[in-house]
Amino acid sequence: MIVERPDMQVKVNLTREELEKAKEMLGREPNIVELGMIDIMWSEHCSYKSSREVLKILPREGEHVIIGPGQDAGVVDIGNGLAVVFKIESHNHPSAVDPYNGAATGVGGIIRDILCMGARPIALVDSLRFGFPSSPHARWLFRYVVKGIADYGNCTGIPTVAGQVEFDPSFERNCLVNVGCVGIARKDRIMPSVASNPGDVLVLVGGSTGRDGIHGVTFASKTLSEKSEEERSSVQIGDPFMKKLVIEATLEAVETGYVRGLKDLGGGGLTCATSEMAAKGGTGVEIELSKVHLREEGMTPYEIMLSESQERMLFVVDPKGLDKVLSVFEKYEIPYSIIGRVTDTREVVVKLNGKVVARVPAKLLAEAPLAKRTSKKPAYVEKLRDIPPPPMPENLEETLPQLLSSPNIASKEWVYQQYDHEVGIRTVVKPGQADAAVLRIIEEDGGNRGIAIKADCNSRHMYLDPFNGAAGALAECCRNIVAVGGKPLAFVDCANFGNPEKPEIFWQFEMAIKGLAYMARGLGIPCVGGNVSFYNEDETTGRAVKPSTEVLAIGLVEDLKHVTTMAFKSAGDVIVVVGKTFREVGGSEYYYIVHGIEGGKVPAADPNREKSSMNAVLEGIRRGYVTAAHDISRGGFAVALAEMAIQGGRGAEVFLDNMPREPMRIDELLYSESNARFIITVEEKNLDNFISLCRNTGAPFGIIGRVSRSNRLILRYESLVLEYDVHHLEKAWKMPIWEYMEGLRS
Amino acid sequence: MRVAVIRFPGSNCDLDTVFVLRKVIGVKADLVWHKNFKGDYDAVILPGGFSYGDYLRAGIIAAHSPAMKYVKEMAREGLPVLGICNGFQILIEAGLLPGALIRNTTLKFICKWVFLKVKTTRTAFSNLMKREQVLKMPIAHNEGRYFIDEKGLRELMENDQIVFTYVDGEGNETPNANPNGSVANIAGVCNLEGNVVGLMPHPERASEAILSPYGSDDGKLLFLSMKNFLERWM
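Residues numbered from 1 in each chain as written. Chains lettered and ligands numbered in written order. Predicted model: local features only at pLDDT ≥ 70, side-chain atom pairs only at ≥ 80, totals over all residues. Heavy atoms only, no water.

Student: Honestly, the overall build of chain A in this entry has me stumped. Any pointers?
Tutor: Regarding its fold elements, chain A presents 26 helices and 30 strands. A globule of 746 residues ought to have a C-alpha radius of gyration of about 27 Å, and chain A, at 26 Å, matches this closely. Overall, chain A is about 85 × 55 × 45 Å in size when its C-alpha atoms are taken along their principal axes. A total of 746 residues make up chain A; the buried ones form 66% of that total. Of the roughly 24200 Å² of accessible surface on chain A, 48% is carried by carbon and sulfur atoms. The positive charge centre, built from 85 side chains, and the negative charge centre, built from 99, are 2 Å apart in chain A. (Helix = DSSP H or I, 4+ residues; strand = E, 2+ residues; numbered from the N terminus. Rg over C-alpha atoms; globule rule 2.2 N^0.38 Å. Buried < 20%, exposed > 50% of the residue type's maximum accessible area, 1.4 Å probe, protein only. Areas by Shrake-Rupley, 256 points an atom, 1.4 Å probe, with all protein chains shown as cover. Lys, Arg positive; Asp, Glu negative; His and termini not counted. Charge placed at Lys NZ, Arg CZ, Asp CG, Glu CD.)

Shown next as structure tokens:
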């Protein structure tokens, strides 16, 4: 709606009711600056007004949790005086209209979230979703999103170590770009994003404030339309070089001991940083806009308060140590300005040349009224669930290479070769080698330990069954961490949905969070933070994206000796399947790629089954029994087995009759995406020990075959034999994305 | 023996290099802010990264910084000077090494492990290697395509200034083994005297078996050669 004032008119996203509510809380008409501040702080993006109530059901407590949701990032204790700080966020709308800058500034934003907790960022994780790569528009988005992430991440010296890429027509225009960052800090140096002490000095550090990114959050809080292209000015422009300086300077400044609070300026800019820090601290702030270092002349208070210019941090500094802190910024030649002080008024007071231009209670800004949303189960859910199974394919043998060539399964080498995944000399398990990345801890007295990192979500499962889909995403993420030898500790999530004002969309969201909460409680893995992105819809087609709750989990590898990859290691190793296969082919890649159908009953997620499988595999790895491990997920058993053979450059002979399973057809057994399963290999001499571990944890298992000396992968089932050349499978798996992106496949 | 690793604004392999020097090689290494560098060290390393954001051209702004005056003095005195990746770009832009580094032929950043062949062992950073030895190290760069004209290439060969080339697993300098389109598969060169060496691959990322997909630690040989050079000749 348009709000008129004598001096100007502004467009606000607030509803009429919200505007009335704001007036009532303020006790008067807000002026233009105040209106702008309220508008962005009450946007969906900043306020979580639709999602807050639902998110409450996620378990937030656990023995390792130092800081849970509500701060800029979650903080988890990993012992030895160290903490891991991590978070994931979306940058969908900006990336959909300007993929390069949108993705780059997404990376920039998540780095600041980690940095502002006082942690050194050590890894980036990116989960991306685009239309099918046969579409030129999808390829354009894909190419430039990856380049944006690469150029930004590489320059800052933070390795991009893990992630996910999914392709589905629902992401054709509204791509999803979820960026995560993991940092490490000494526990005693964790910084709160709080202004607690009246009298402390506010220092704005880093990039200058310009007109870019004004209304970024309100732009992100509505659906994309044809006009969205015109909103390119809502996309910020990143400067990774400045970011690198800000990272080093911030960490050095924190070391002085005089920084009392720290917050990055992201969505909502100066308004969000000042009001949230004051609201959390029960204090107020007073800032003078003439002190802010600006990029452009003639900027109004409205623009300065709403700008989302990048590479800025707000420091709350003890006045006693101000000189010391400022000398760090001077060393790095980073611009800074002393813009104000913490007060005890509980108000955000904004002045220009001494004259008050806005005065709003911090709480009014930081605690937007809830938006009541209704939910309704969409009609498609039951219709798609009950479709009849497709017929047996005529040539079953061809289906495996066909699935390996699916862009959703094929090698993502084209992507991760553009990311510097080695910088920082921590990356022990690199992209493509295993189910999760492992970064070693090189801090003093950190031990011979590592952090396992993985992000996961299957949006097709989520679409068909948001409850099991989201629960399955967390389960899969944890299995991936277990497969490399890590114990899952905690997770953060990034929920991407359509317009929450539509009851069918809100139902998807509610069910997904319920599913996530169910699995989190069952596994005892707390949620320590997250982000919600709504309005991921294309107005022209009226189509929402497939819902996705991307889960980013971290785990602790107690001893780097335990690190395990998926490659078959030695001929003669025994292959064991852990976990039972159910007739759960619904939503599978097999249905989609081979039969062109999207439906059926998706895999059920059951924390107890997960626990028994995970415990057996993790213990087996820690005792040194397991020589290779891989979780079974997208593409099912056959794809997982083929990937282990491809990575190891050697074949195997397996007997599917030995797989623990319920009765089903052979194609279903090969490609069911049932949860709670792994394929592992053990040396013959350790087989009995491993089996007794499975018996102890109650995990169903089947000894199905051996790694062979040749490069033949042979699958036997009753009288049926499927036989492949591993090099042939490797080619089918390795090339598709290169070919799409280099114009060799369309 | 004291080694300086210079941090320019935007360096990002500085801490990694210091870590390897201290923890793996066991030499005294200081991380020195570029403005504080006065050349009072036995050896100096310019680490990888994006000095000054690679704005204008990779390495060129750092090449004109006051710190480089001291690096040049050390080079003249015959002390070991190593440039890794962005450091190599800086040494070239500063005129301490011949040739140029331009954008990869793929026009993309490439991060992957490659094989290198040792072409000369006379340098301060390759004296513990064997000629023709094949080393494994990762590359990570956008502008790593080594270029030099034909006359320059002839001179490099005549003067034994090519230190490393990209090869396949069997040690052959094939076009497929050349990740970025470098002239004659060149990955690293030295000055006439052999005390100044620059290379695009990252030895500091390849000095510990745990970081290598092959369980190798070949990168260590560069730093151990430097140590050996200082112990024997200084």
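Student: Where do I start with the overall build of chain B in this structure?
Tutor: Helix and strand content of chain B: 6 helices and 11 strands. On C-alpha atoms alone, chain B measures out to a radius of gyration of 16 Å, which is about the 17 Å that the 2.2 N^0.38 rule sets for 234 residues. The buried share of chain B, reckoned over its 234 residues, is 63%. Entry remark: accessible area of chain B is about 8800 Å², with carbon and sulfur atoms responsible for 50%. Between the mean site of the 27 positive side-chain charges and the mean site of the 25 negative ones, chain B shows a separation of 3 Å.

Student: Honestly, the interface of chain A and chain B in this entry has me stumped. Any pointers?
Tutor: For interface size, the figure often reported is the accessible area lost on association. Taken together, the contact between chain A and chain B spans 37 residues of the former and 33 residues of the latter. Regarding the contact of chain A and chain B, the summed buried area is about 2700 Å², with carbon and sulfur atoms giving 57% of it. The largest per-residue losses of area from chain A upon contact with chain B belong to Phe241(A), Gln417(A) and Ile425(A), which jointly make up 23% of the total buried on that side. Linking chain A with chain B are 6 salt bridges. A salt bridge links Glu742(A) to Lys108(B), with the nearest nitrogen and oxygen atoms 3.2 Å apart. Mapped onto the side of chain A that touches chain B, the elements with two or more residues apiece are helix H7 (136-156), helix H9 (240-255) and strand E16 (427-429) of chain A. If you tally residues by element for the side of chain A that touches chain B, the top one is H9(A), at 6 residues. Here the residues of the side of chain A that touches chain B sort into 12 nonpolar, 9 polar and 16 charged. (Contact = heavy atoms within 4.5 Å. Buried area = accessible area lost by both parts, 1.4 Å probe. Salt bridge = Lys/Arg side-chain N within 4 Å of Asp/Glu carboxyl O. Nonpolar A, V, L, I, M, F, W, Y, C, P; charged D, E, K, R; others polar.)

Student: Explain the sheet that holds strand E4 (residues 74-79) of chain A here, please?
Tutor: Strand-to-strand pairing in sheets goes through backbone hydrogen bonds, with the strands running parallel or antiparallel. Residues and elements named next belong to chain A. Strand order in the open sheet made by the 6 strands is E3-E4-E5-E8-E6-E7, with mixed pairing throughout. What marks the edges here is a single partner per strand, and that holds for strand E3 (65-67) and strand E7 (160-167). On average, each strand axis in the sheet is tilted by 20° relative to the strand beside it, whichever way the strands run. Sheet topology places strand E6 (residues 120-130) next to strand E8 (residues 176-186); 9 bridges connect them, and they run antiparallel. Bridging across to E8, proline 121 finds its partner in glycine 183. Those strands touched by H7 are E6, E7 and E8, and its axis lies near 175° from that of E6. (Pairing = 2+ DSSP bridges. Axes fitted to C-alpha atoms, helices over the stretch in contact; angles between N-to-C directions.)

Student: Mind showing me how you'd approach the confidence of the model for chain B here?
Tutor: Averaged over every residue, the pLDDT of chain B is 97; the share at 70 or more is 100%. Of the two predicted TM-score estimates for the complex, the pTM is 0.95 and the ipTM is 0.96. (pLDDT = per-residue confidence, 0-100.)

Student: Explanation requested: the pairing of strand E1 (residues 2-7) of chain B in the structure shown.
Tutor: Successive side chains on a regular strand alternate, one facing one side of the sheet and the next facing the other. Residues and elements named next belong to chain B. With 5 of its 6 residues buried, E1 lies for the most part within the structure. Of the pairings in the sheet, the one linking E1 to strand E2 (residues 28-33) comprises 6 bridges and is parallel in character. Bridge pairing links valine 5 to leucine 31 in E2. Once the chain exits E1 it traverses helix H1 (residues 14-25) before rejoining the sheet at E2, and the crossover so formed is right-handed. Examined bridge by bridge, E1 and strand E3 (residues 43-46) share 3 bridges and lie parallel to one another. Looking across to E3, one finds that valine 5 is bridged to isoleucine 45. (Right-handed = clockwise from strand over helix to strand, strands pointing away.)

Student: Can you walk me through the packing of aromatic side chains in this structure?
Tutor: By convention here, two paired aromatic rings are described through the distance between centres and the angle between planes. Residues and elements named next belong to chain A. Per the stated rule, a full pass over the model turns up 21 aromatic pairs over all chains. Note on phenylalanine 130 and phenylalanine 167: the rings are 6.5 Å apart at their centroids and 35° apart in plane angle, and the pair reads as tilted. Of the two residues, phenylalanine 130 is situated in strand E6 and phenylalanine 167 in strand E7; the sequence distance between them amounts to 37 residues. Summarising the burial analysis for this pair, phenylalanine 130 and phenylalanine 167 share the class buried. Measuring from centroid to centroid gives 6.1 Å for tyrosine 590 and tyrosine 591, while their planes differ by 40°, and the two rings are tilted. The burial state of tyrosine 590 is the same as that of tyrosine 591; both residues are buried. A connected cluster of aromatic rings, assembled from ring pairs, spans Phe130, Phe142, Phe167 and Trp414. (Phe/Tyr/Trp six-rings, centres within 6.5 Å; stacked < 30°, edge-to-face > 60°.)

Student: Any chance you could explain the packing of H1(B) against helix H6 (residues 220-233) of chain B here in plain terms?
Tutor: Relative placement of two packed helices is described by the angle separating their axes and the distance separating the axes. Residues and elements named next belong to chain B. Interaxial distance between H1 and H6 falls to 11 Å at its minimum, and their mutual angle equals 70°. Here H1 is positioned roughly perpendicular relative to H6, judged by the angle of their axes. Residues Thr17, Val20, Leu21, Val24 and Ile25 of H1 touch H6, and the partners they reach there are Lys220, Phe223, Leu224, Met226 and Lys227. The residue inventory of the contact of H1 with H6, partitioned by class, reads 7 nonpolar, 1 polar and 2 charged. (Parallel < 35°, antiparallel > 145°, perpendicular 65-115°, else oblique.)

Student: What am I meant to see in the sheet that holds strand E13 (residues 336-343) of chain A here?
Tutor: Residue and element names in this part refer to chain A. Across the sheet, 7 strands lie side by side as E10-E12-E9-E13-E11-E14-E15; this open sheet has mixed pairing. Strand pairing shows two members of the sheet lacking a second neighbour, strand E10 (259-264) and strand E15 (355-361), which therefore form its edges. Pairwise comparison of adjacent strand axes, ignoring direction, gives a mean angle of 20° for this sheet. Across 5 bridges, the pairing between strand E9 (residues 201-206) and E13 is antiparallel. The residue bridging valine 201 from the neighbouring strand is arginine 341, located in E13. Running at roughly 165° to E10, helix H6 (residues 99-115) makes contact with E10 and strand E12 (312-317) of the sheet.

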